[in-house]
Amino acid sequence: MLLQVLIVGGALVILLLTLLYGIHNRKVRLLFVGSVAALIGFSLLLVPVLDRPFAGGVSVSPEPFKQSALAEFW
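What counts as what
Residues numbered from 1 in each chain as written. Predicted model: local features only at pLDDT ≥ 70, side-chain atom pairs only at ≥ 80, totals over all residues. Heavy atoms only, no water. Helix = DSSP H or I, 4+ residues; strand = E, 2+ residues; numbered from the N terminus. Buried < 20%, exposed > 50% of the residue type's maximum accessible area, 1.4 Å probe, protein only. Contact = heavy atoms within 4.5 Å. Patch = residues over 30% accessible without salt bridge, like charges linked within 9 Å, V, L, I, M, F, W, Y side chains within 5 Å. Areas by Shrake-Rupley, 256 points an atom, 1.4 Å probe, with all protein chains shown as cover. Salt bridge = Lys/Arg side-chain N within 4 Å of Asp/Glu carboxyl O. pLDDT = per-residue confidence, 0-100. Expected span 1.5 Å × (residues − 1).

### So, the overall build of the chain
Now for step 1: Across its full length, the chain holds 3 helices and 0 strands.
Now for step 2: Starting at the N terminus and ending at the C terminus, the chain contains elements arranged as α-α-α.
Now for step 3: The C-alpha extent of the chain, read off along each of the three principal axes, is 60 × 25 × 15 Å.
Now for step 4: Residues classed as buried in the chain amount to 9% of the 74 residues present.
Now for step 5: In the chain, the share of contacts with a sequence separation of at least 24, taken over all contacts with a separation of at least 6, comes to 26%.

See the structure below:
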């Protein structure tokens, strides 16, 4: 939860700073802000995927951990 708050807060600050950047051409500024927003959006989508590596369609199996030296802790 704290990581998500930090990412959303940082995203808002970065987007506001990109609006203050000294580009006078409106199309170039919108392209710049849009690319930063897309980068932040993809990062936000990546957080839940990386948060639960053993769940979902693309996941890692916990079986190697159960059969190795970590088996006593499982």
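Back to the text.
### As for a nonpolar patch on the surface
Now for step 1: On the surface, a cluster of nonpolar side chains totalling about 510 Å² of accessible area is made up of Phe-54, Val-60, Phe-65, Leu-70 and Phe-73.
Now for step 2: Structurally, Val-60 can be placed in the loop between helix H2 (26-51) and helix H3 (63-67).

### Description of the confidence of the model for the chain
Now for step 1: Of the residues in the chain, 95% have a pLDDT of 70 or more, and the chain-wide mean is 78.
Now for step 2: When mean pLDDT is taken per element in the chain, H2 scores highest with 81 and helix H1 (residues 2-19) scores lowest with 77.

### A few points about H2
Now for step 1: The end-to-end C-alpha distance of H2, which contains 26 residues, comes to 38 Å, matching closely the 38 Å that a straight helix rising 1.5 Å per residue would cover.
Now for step 2: Among the residues of H2, those classed as buried are Val-33, Val-36, Ile-40 and Val-47.

### As for the environment of Phe-65
Now for step 1: Within the secondary structure, Phe-65 sits in helix H3.
Now for step 2: Taking the C-alpha atoms as reference points, Phe-65 and Val-47, separated by 18 residues in sequence, lie 23 Å from one another.

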